[in-house]
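Here are the chains, one letter per residue:
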Amino acid sequence: MTRPFVKMNGAGNDFVVVNALETPFAPTADQARAIADRKTGEGCDQLIALEPSNRADAFMRVWNADGGVVETCGNALRCVGWMLLQSTGKDEVSIDTLGGPTKAWRVPGRVGSGDPEGSTTAARIKVDMGAPRLDWEQIPLDEAMDTRGIELQVGPIDAPVLHTPGAVSMGNPHVVFFMDHTPDDGFVRGTGSLIEHHPRFPEGVNVGFARVLAPDRIRLRVWERGAGLTRACGTGACAALVAAARRGLTGRAATVEVDGGELRIEWDEATDHVFMTGPVEVERTGTLAL
């Protein structure tokens, strides 16, 4: 069986997107891993399927590179939003996910220095990521605690390297450590893989390493649950802004610098919703052989 796909990325976070609105697409975990493999497959952080929905323009299903199905993906929502805006001709589209429904719009202009001159970026897309979930049971954690700074540390008890991260769910679980420098790949991989399956997080967790550069700017690197170190994580950028704002480290809006570019994150006080704006790029098309 073969299926056409579109390869896309949002700020470097890349996806293989399959249209399953009319013909079902249900790969096994092994098939999803094979597609995501960068050496022998098409190569991607996540595999995405667009499925029919009775309450939205489409349902977005997400497989991580390890073959596991996850709730949602912020950068993928922008890519899928762009595809639906293109195909429907609408000014606004709705997308349902396992993490809940959302909406997307096209936004004129450029994101910033992360979207350089001469870029092949097709558009900037804004997504309503909904209200952050801040209660310990919503994330979820293994026991009740203040999610502004949870009981977790890395390193010796009397001299931890990292400690007291913020915890936020943006439809998927995140923990955000605040640092005074930007960690290298080895640190992100080693610490991220250690925390991802920590017993504190019954469903696993995405691990963010944030450095607050200014009240309106954050540098972020993320170890994604089931995908590893990626060039961008949209829900991670949202979680970092919320966690920083809750501690008074930033305001309720900031530009988040990720490895693949920049994302604009706004936590609206009136609605309590988080909005993410960032670039979308179409890389190529192809055919999957399953």
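In this report, the structure presented in the accompanying data block is examined. For clarity, every value in this text was computed on a predicted model and none was experimentally measured.

Rules used in this analysis
- Think of each chain on its own: its residues are numbered from 1, step by step along the sequence as written.
- It should be noted that, the model being predicted, local features are given only for residues of pLDDT at least 70 and side-chain atom pairs only at 80 or more, the latter also being counted only at that level, while totals for whole chains, interfaces and linings use all residues.
- To get the side-chain values, all heavy atoms of the structure are used, and hydrogens and water are removed first.
- Paired rings are identified among Phe, Tyr and Trp, the last through its six-membered ring, by centres lying within 6.5 Å, and are further divided according to the angle between planes into stacked (under 30 degrees), edge-to-face (over 60) and tilted (the rest).
- A run of DSSP states H or I qualifies as a helix once it reaches four residues; a run of E qualifies as a strand once it reaches two. Both are numbered from the N-terminal end.
- Accessibility here uses a 1.4 Å probe with only protein chains present; expressed as a share of the type maximum, an area under 20% marks a residue as buried, one over 50% as exposed, and anything in between as partly exposed.
- Put simply, a charge is over a ring when the Lys NZ or the Arg CZ is close to the ring centre, within 6 Å, and near the line of the ring normal, within 35 degrees.
- For two strands to pair, DSSP has to find at least two bridges joining them.
- A pocket here means an open set of points on a 1 Å grid, computed over the protein atoms alone, that has protein on both sides within 12 Å along at least five of seven lines. A cavity is instead a set of points where a 1.4 Å probe fits but cannot get out; residues with an atom within 4 Å of a point line either one.
- Grid points are joined across faces, edges and corners, and a volume is the space filled by probe spheres set on the points.
- By this rule the span expected of a helix is its residue count minus one, scaled by 1.5 Å.
- The contact rule is simple, with two residues in contact once any of their heavy atoms fall within 4.5 Å.
- Salt bridge, as applied in this entry: a Lys or Arg side-chain nitrogen positioned within 4 Å of an Asp or Glu carboxyl oxygen.

Turning our attention to the packing of aromatic side chains. For any two aromatic rings, the description comes down to two numbers: the centre-to-centre distance and the angle of the planes. Under the criterion given, the structure shown has four aromatic pairs. Ring geometry for Phe 177 against Phe 209: centres 6.1 Å apart, planes inclined by 15 degrees, an arrangement best described as stacked. With a gap of 32 residues between them, Phe 177 in strand 12 (residues 173–178) and Phe 209 in strand 13 (residues 206–214) connect regions that are remote in the sequence. For the pair Phe 177 and Phe 209, one class covers both residues: buried. Residue classification places Phe 209 among the buried residues on the basis of a relative accessible area of 1%. Through pairs of rings, three or more aromatic residues link up here, namely Phe 177, Phe 187 and Phe 209. The lysine or arginine in question, Lys 126, covers the ring of Phe 275, its NZ or CZ lying 5.3 Å from the ring centre. Stacked on the ring of Trp 267, the Lys or Arg Arg 252 has its end atom at 4.1 Å from the ring centre.

This next bit is on the pairing of strand 17 (residues 261–267). With respect to burial, strand 17 is a largely interior element, five of its seven residues being buried. As judged from the six bridges shared by strand 16 (residues 253–258) and strand 17, these two strands associate in the antiparallel manner. Bridge pairing in strand 17 places Thr 255 opposite Arg 264. Here strand 16 hands over to strand 17 after two residues, the two strands then running antiparallel side by side. Pairing geometry for strand 17 and strand 18 (residues 274–289), over four bridges, is antiparallel. Bridging from a neighbouring strand, Trp 267 pairs with Val 274 of strand 18. Taking the residues between adjacent antiparallel strands as the criterion, strand 17 and strand 18 are bridged by six residues, where Asp 272 takes a positive phi near 70 degrees.

So, on to the layout of surface pockets. In this structure, the largest pocket spans a volume of roughly 160 Å³. What lines the largest pocket is a set of 15 residues, and nearest its centre among them are Gly 99, Gly 100, Pro 101, Met 129 and Arg 133.

Turning our eyes to something else, we now look at unusual backbone geometry. Across the junction of Ile 139 and Pro 140, the peptide omega takes the value -10 degrees, indicating a cis bond. Here Ala 11, not a glycine, exhibits a phi torsion of approximately 55 degrees, which is positive. Locating Ala 11 in the fold gives a position in the loop between strand 1 (2–10) and strand 2 (13–19). One non-glycine residue with positive phi stands out, namely Asp 272, at about 70 degrees. Its location among the elements puts Asp 272 in the loop between strand 17 and strand 18. Look at Asp 272 and you get partly exposed, because its relative accessible area is 30%.

Turning our eyes to something else, we now look at helix 3 (residues 185–196). With twelve residues, helix 3 extends 16 Å from end C-alpha to end C-alpha; this agrees with the ideal 16 Å at 1.5 Å per step. Buried-residue contacts for helix 3 involve strand 9 (153–154), strand 10 (162–163), strand 12, strand 13, strand 14 (217–224) and strand 15 (228–229).

Helix length check: helix 4 (residues 234–246) (13 residues) gives 19 Å between terminal C-alpha atoms against 18 Å at 1.5 Å per residue, within 8%. Within helix 4, twelve of the 13 residues are buried, which leaves the element mostly enclosed by the surrounding structure. Here helix 4 has its buried residues at Gly 234, Thr 235, Gly 236, Ala 237, Cys 238, Ala 239, Ala 240, Leu 241, Val 242, Ala 243, Ala 244 and Ala 245.

By the definition in use, this model includes 21 salt bridges. For the salt bridge of Lys 90 with Asp 57, the shortest nitrogen-to-oxygen distance reads 2.6 Å. One end of the pair, Lys 90, is in the loop between helix 2 (74–88) and strand 6 (92–96); the other, Asp 57, is in the loop between strand 3 (46–51) and strand 4 (58–64), with 33 residues separating them in the sequence. The partner of Asp 185 in a salt bridge is Arg 189, with the nearest N and O atoms 4.0 Å apart.

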